[in-house]
Amino acid sequence: MSPRAIALIDVNNFYVSCERIFNPKLEGRPVVVLSNNDGCAVSRSDEVKALGVKMGQPWFQLKDLAKKHGIIAYSSNYTLYADMSHRVMNILATFSPNQEIYSIDECFLDLTEFKTQNLTLYGQLIRQRIKQWTGLPVCVGIGPTKTLSKLANHLAKKHPEFNGVCVRQLIKKKCGSNVLRSVKYGASEENLLLN
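Residues numbered from 1 in each chain as written. Predicted model: local features only at pLDDT ≥ 70, side-chain atom pairs only at ≥ 80, totals over all residues. Heavy atoms only, no water.

Student: What exactly am I supposed to notice about the pattern of salt bridges here?
Tutor: It is possible for side chains bearing opposite charge to pair when their charged atoms get close. Inspection of the entire model under this criterion finds seven salt bridges. When the shortest N-O distance is used, the salt bridge between D110 and R4 registers 3.2 Å. Here D110 is found in strand β6 (residues 106-110), whereas its partner R4 is found in the segment before β1 (6-11), with 106 residues between them in sequence. Across the pair K157 and D10 runs a salt bridge, and its minimum N-O distance is 3.2 Å. Within this pair, whereas K157 is found in helix α6 (residues 146-158), its partner D10 is found in strand β1, the two being separated by 147 residues in sequence. (Salt bridge = Lys/Arg side-chain N within 4 Å of Asp/Glu carboxyl O. Helix = DSSP H or I, 4+ residues; strand = E, 2+ residues; numbered from the N terminus.)

Have a look at this one:
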């Protein structure tokens, strides 16, 4: 039996990305979306992550940093996020009959039937369609298991050489084994990833 091809599609900084669609002036600016009652950071732009703000960090701890760096804070708008999630999941359903919605901004697609296609190009097509039809940026990780596709997605987000799509079989070719130094794993996982 040949290995499966499972894709994990994940919207980048989902709540922040949704806010940016309806307010394009936020693009490139440090933005955080706060939890109910504006308690904690539940979504952070890359600019905010670069300032060291952690997921779940209380807003009261961030006020001085926000003033210093111009961090823009939004209250959560779960109606908007649910609507945008629904749109993304409907688009993703057109790419595979086997879809598993994992969370509000993540979805697994079984692409095993499509393995004769170039999976990197197929992943790029998924990214382009989501961006064109919703405005949301996504990354795609493809591997033989859900776990390995999740890790491939992580690499797609963190390493620009993947251009947002990482296929497990191409990790070594594109980046060498050094790419895995930033990821915590055991020896058996390294063997699965690189071989």
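Student: Sorry, what's going on with the packing of aromatic side chains here?
Tutor: Note on aromatic pairs: each is described by the distance of the centres and the angle between the planes. Summed over the entire model, instances satisfying the criterion amount to eight aromatic pairs. Three or more aromatic residues link up through ring pairs in this structure, and these residues are F14, Y15, Y78 and Y81. Lying across the ring of F108, K146 places its NZ or CZ 5.5 Å from the centre. (Phe/Tyr/Trp six-rings, centres within 6.5 Å; stacked < 30°, edge-to-face > 60°. Lys NZ or Arg CZ within 6 Å of the ring centre and 35° of its normal.)

Student: Hey, could you run me through the sheet that holds strand β8 (residues 165-167) in this one?
Tutor: Within a sheet, neighbouring strands are paired by backbone hydrogen bonds and run either parallel or antiparallel to one another. Strand order in the open sheet formed by five strands is β5-β6-β1-β7-β8, with mixed pairing between adjacent strands. Every interior strand has two partners, whereas the edge strands, β5 (99-103) and β8, have only one. Across this sheet, the average inter-strand angle for adjacent strands is 15°, counted without regard to direction. Of the strand pairs in this sheet, β5 and β6 are connected by four bridges, and their pairing is antiparallel. Across the sheet, Q99 pairs through a bridge with L109, a residue of β6. (Pairing = 2+ DSSP bridges. Axes fitted to C-alpha atoms, helices over the stretch in contact; angles between N-to-C directions.)

Student: Mind showing me how you'd approach the sheet that holds strand β3 (residues 41-44) here?
Tutor: Pairing in this open sheet of three strands is mixed, and the strands run β3-β2-β4 from one edge to the other. The open sheet has two free edges, formed respectively by β3 and β4 (72-75), since each of these has just one partner strand. Strand-to-strand twist of the sheet, defined as the mean angle between neighbouring strand axes without regard to direction, takes the value 30°. Sitting on the sheet, helix α1 (residues 14-22) touches β2 (31-34), β3 and β4, and the angle it makes with β2 is about 110°. (Contact = heavy atoms within 4.5 Å.)

Student: What should I look at first to understand the environment of P58 in this one?
Tutor: Note on placement: P58 falls in the loop between α2 (46-50) and α3 (63-69). Remark: the alpha-carbon pair of P58 and G39, spanning 19 residues in sequence, is separated by 5.7 Å. Residues contacting P58, with those up to four places away along its chain left out, are G39 and C40.

Student: Help me understand the side chain of S149, please; the structure alone is not making it clear to me.
Tutor: Looking at the element boundaries, S149 is found in helix α6. In this structure S149 comes out as buried when scored by relative accessible area, which is 0%. Sequence-distant contacts of S149, that is, excluding residues within four places in its chain, are made with I6, A7, L8, F108, G141, I142 and G143. (Buried < 20%, exposed > 50% of the residue type's maximum accessible area, 1.4 Å probe, protein only.)

Student: Help me understand the side chain of S45 in this model?
Tutor: Along the chain, S45 turns up in the loop between β3 and α2. With residues near it in sequence (within four places) discarded, S45 still touches N13, V16, R20, R29, P30 and V31.

Student: Is there a simple way to think about the packing of α1 against helix α4 (residues 78-92) in this case?
Tutor: The geometry of a pair of packed helices is captured by two quantities: the angle between their axes and the separation between those axes. Contact pair α1 / α4: the axes reach a minimum separation of 10 Å and the direction vectors enclose 95°. The angle between the axes of α1 and α4 places the two elements in the roughly perpendicular class. Between α1 and α4, the contacting residues are F14, Y15, C18, E19, I21 and F22 on the first element and Y78, L80, Y81, M84 and S85 on the second. Among the residues forming the contact of α1 with α4, the class breakdown is nine nonpolar, one polar and one charged. (Parallel < 35°, antiparallel > 145°, perpendicular 65-115°, else oblique. Nonpolar A, V, L, I, M, F, W, Y, C, P; charged D, E, K, R; others polar.)

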